[in-house]
Amino acid sequence: MIQVNGLIKDYGIRRALDNITFDANQGEIVGFLGPNGAGKTTTMRILTGYMPPSGGEAIVAGYDVVEESLEVRKRVGYLPETVPLYNDMTALDYLKFMASLRQIPNAEDRAWETLELVNLDDRATNYIGNFSKGMRQRVGLAQALLHRPEVIILDEPTIGLDPAQVVEVRNVIREIGKDRTVLFSTHILSEAQQICDRVLIINKGKIVAEDTPENLQSRVLGAERVLLRVRGDADGLDVIVKKVKGTSKVEFKQADAVEFEFAAGQDVRPQVAKAVVQAGYELVEMRPVGMSLEEIFLELTDDKPAGKRA
């Protein structure tokens with residue numbers, strides 16, 4: 001479990017973290033999103049005891065990251081953005097070495113178990129220096145999981161992986177997130193949308209949004225968006241939909257389909273369907289269209305003043 005209250009980090013006169021507060025619970029996967037320089041890596045380094053905060057409080061697995069840093073480190077698995085590895089060691093020897101540093105009993109058995117978890121057991125006796133970037137990333141992930149930590153903090157865990165490896169790592173994250181706390185940063189917004197229970201969006205050192213992807217969509221959009229498709233010629237369909245009271249932002253998306261919006265709580269879909277059919281169109285489909293996490297992210301981190309956004 002992670003509890004952050006009023007966390008501040010200053011680098012000289014520049015404030016990298018500006019009084020941020022959030023939590024992450026056991027059995028929860030939390031995505032940490034934000035543009036470069038927003039404060040994601042700084043936050044993770046503080047939570048793992050790598051650097052102290054300038055102010056505020058952070059509690060990880062029940063221990064204060066400043067006052068009880070060693071206890072925190074025993075209970076946290078950390079994959080940094082740049083994985084520090086020993087190129088002249090095999091994957092198995094590296095994990096055995098890390099297990100010995102952490103005083104883990106049955107080090108070799110635990111190393112094999114963790115290599116299997118990240119699907120690298122077939123390369124256990126290969127030298128890390130000969131590994132691809134994606135394979136090195138998986139060794140780093142294995143190191144973070146080796147001691148079965150209560151809290152997993154991952155900084156860009158799928159960077160450099162091919163599509164098949166990305167799927168494997170996502171599955172690992174889902175599995176470990178069932179009974180542990182997982183906080184991970186990513187630039188792949190669709191990834192967060194697929195596997196996160198909740199997302200935090202940080203911009204310029206401040207948390208600008210915190211919710212499930214679905215709830216963020218409702219909060220940002222403020223309306224329901226619908227795709228309407230007809231069979232055959234759709235010429236004039238947008239005009240028909242615009243005439244229905246309560247519809248807005250009607251536009252063609254395909255030759256046979258338009259999208260429109262209506263205010264939350266004012267469902268006009270029955271009236272739209274009736275108007276379309278009465279106008280002689282054959283209605284094929286009408287379904288809600290979700291706002292992607294990419295769109296939400298851009299909306300919330302846009303530096304333009306309110307009212308001037310495109």
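Below you will find a few notes about this structure. (Residues numbered from 1 in each chain as written. Predicted model: local features only at pLDDT ≥ 70, side-chain atom pairs only at ≥ 80, totals over all residues. Heavy atoms only, no water.)

**Side note on the overall build of the protein**
From N to C terminus, the protein includes 11 helices and 14 strands. Counting every position in the protein, which comprises 310 residues, the buried fraction comes to 49%. In the protein, the share of contacts with a sequence separation of at least 24, taken over all contacts with a separation of at least 6, comes to 67%. (Helix = DSSP H or I, 4+ residues; strand = E, 2+ residues; numbered from the N terminus. Buried < 20%, exposed > 50% of the residue type's maximum accessible area, 1.4 Å probe, protein only. Contact = heavy atoms within 4.5 Å.)

**Points about the packing of helix α3 (residues 91-101) against helix α5 (residues 133-145)**
Between α3 and α5, the least distance of the axes is 10 Å, while the angle of their chain directions is 25 degrees. Put simply, α3 runs roughly parallel to α5. The hand of the α3/α5 crossing is right-handed. On α5, the residues touching A91, Y94, L95 and M98 of α3 are V139, A142 and Q143. Broken down by class, the residue content of the contact of α3 with α5 amounts to six nonpolar, one polar and no charged. (Axes fitted to C-alpha atoms, helices over the stretch in contact; angles between N-to-C directions. Parallel < 35°, antiparallel > 145°, perpendicular 65-115°, else oblique. Left-handed = near helix turned anticlockwise from the far one by under 90°. Nonpolar A, V, L, I, M, F, W, Y, C, P; charged D, E, K, R; others polar.)

**Concerning a nonpolar patch on the surface**
A surface patch of nonpolar side chains, about 300 Å² in accessible area, is lined by Y86, F97 and L101. Considering the arrangement of structural elements, one finds L101 in helix α3. Judged by its relative accessible area of 55%, L101 falls in the exposed class. (Patch = residues over 30% accessible without salt bridge, like charges linked within 9 Å, V, L, I, M, F, W, Y side chains within 5 Å. Areas by Shrake-Rupley, 256 points an atom, 1.4 Å probe, with all protein chains shown as cover. Salt bridge = Lys/Arg side-chain N within 4 Å of Asp/Glu carboxyl O.)

**Re the sheet that holds strand β3 (residues 29-33)**
Strand order in the open sheet made by the six strands is β6-β7-β8-β3-β9-β10, with mixed pairing throughout. Looking at the sheet topology across the chains shown, the edges are occupied by β6 (76-79) and β10 (206-211). The mean angle between the axes of side-by-side strands here comes to 15 degrees, regardless of whether they run parallel or antiparallel. In terms of strand pairing, β3 meets strand β8 (residues 181-185) through four bridges, oriented parallel. If you follow V30 over to β8, its bridge partner there is L183. The strands touched by α5 within the sheet are β6 and β7 (151-155), with β6 carrying the most contacts at an inclination of about 165 degrees. (Pairing = 2+ DSSP bridges.)

**Here's the deal with the nonpolar core**
Membership of the largest hydrophobic core comes to 44 residues, with the highest contact counts inside it found for Y94, V139, L154 and V182. With sequence-adjacent residues up to four places away left out, Y94 is seen in contact with P84, L85, Y86, M89, I128, V139 and Q143. I20, F32, M44 and M51 belong to the second largest nonpolar core, which has 26 residues in total. (Core = buried A, V, L, I, M, F, W, Y, C linked by side-chain atoms within 4.5 Å.)

**Points about helix α1 (residues 40-47)**
Given 3.6 residues per helical turn, the α-helix brings residues three or four places apart onto the same face. Of all the eight residues making up α1, six are buried; the element is thus mostly covered by neighbouring parts of the structure. Buried within α1 are the following residues: K40, T42, T43, M44, I46 and L47. Downstream of α1 by a residue or two, G49 has a phi angle that is positive, lying close to 80 degrees.

**Points about the packing of aromatic side chains**
This structure, assessed with the given rule, holds three aromatic pairs. Between Y86 and F97, the aromatic rings sit 5.9 Å apart at their centres with planes inclined by 80 degrees, giving edge-to-face as the arrangement. You can see Y86 sitting in the loop between β6 and α3 and its partner F97 sitting in helix α3, a full 11 residues away along the chain. Judged by relative accessible area, Y86 falls into the partly exposed class, the value being 43%. Joined through ring pairs, the aromatic side chains of Y86, Y94 and F97 make up one cluster. (Phe/Tyr/Trp six-rings, centres within 6.5 Å; stacked < 30°, edge-to-face > 60°.)

**Concerning the pairing of β3**
Burial within β3 is extensive, with five of its five residues counted as buried. By the alternation rule, side chains of β3 split into I29, G31 and L33 and V30 and F32, which are all buried. Bridge count for β3 against strand β9 (residues 198-203) is four bridges, and the pairing is parallel. Across the sheet, residue F32 finds its bridge partner in β9, namely L200.

**Some details on the sheet that holds strand β5 (residues 63-64)**
If you walk across this open sheet you meet the four strands as β2-β1-β4-β5, and the pairing is antiparallel. With partners counted over all chains shown, the strands left at the sheet margins are β2 (14-24) and β5, one partner each. By the bridge criterion, eight bridges tie strand β1 (residues 2-11) to β2 in an arrangement that is antiparallel. Residue pairing in the sheet places L7 in a bridge with I20 of β2. Those strands touched by α1 are β1, β2 and β4 (55-60), and its axis lies near 65 degrees from that of β2.

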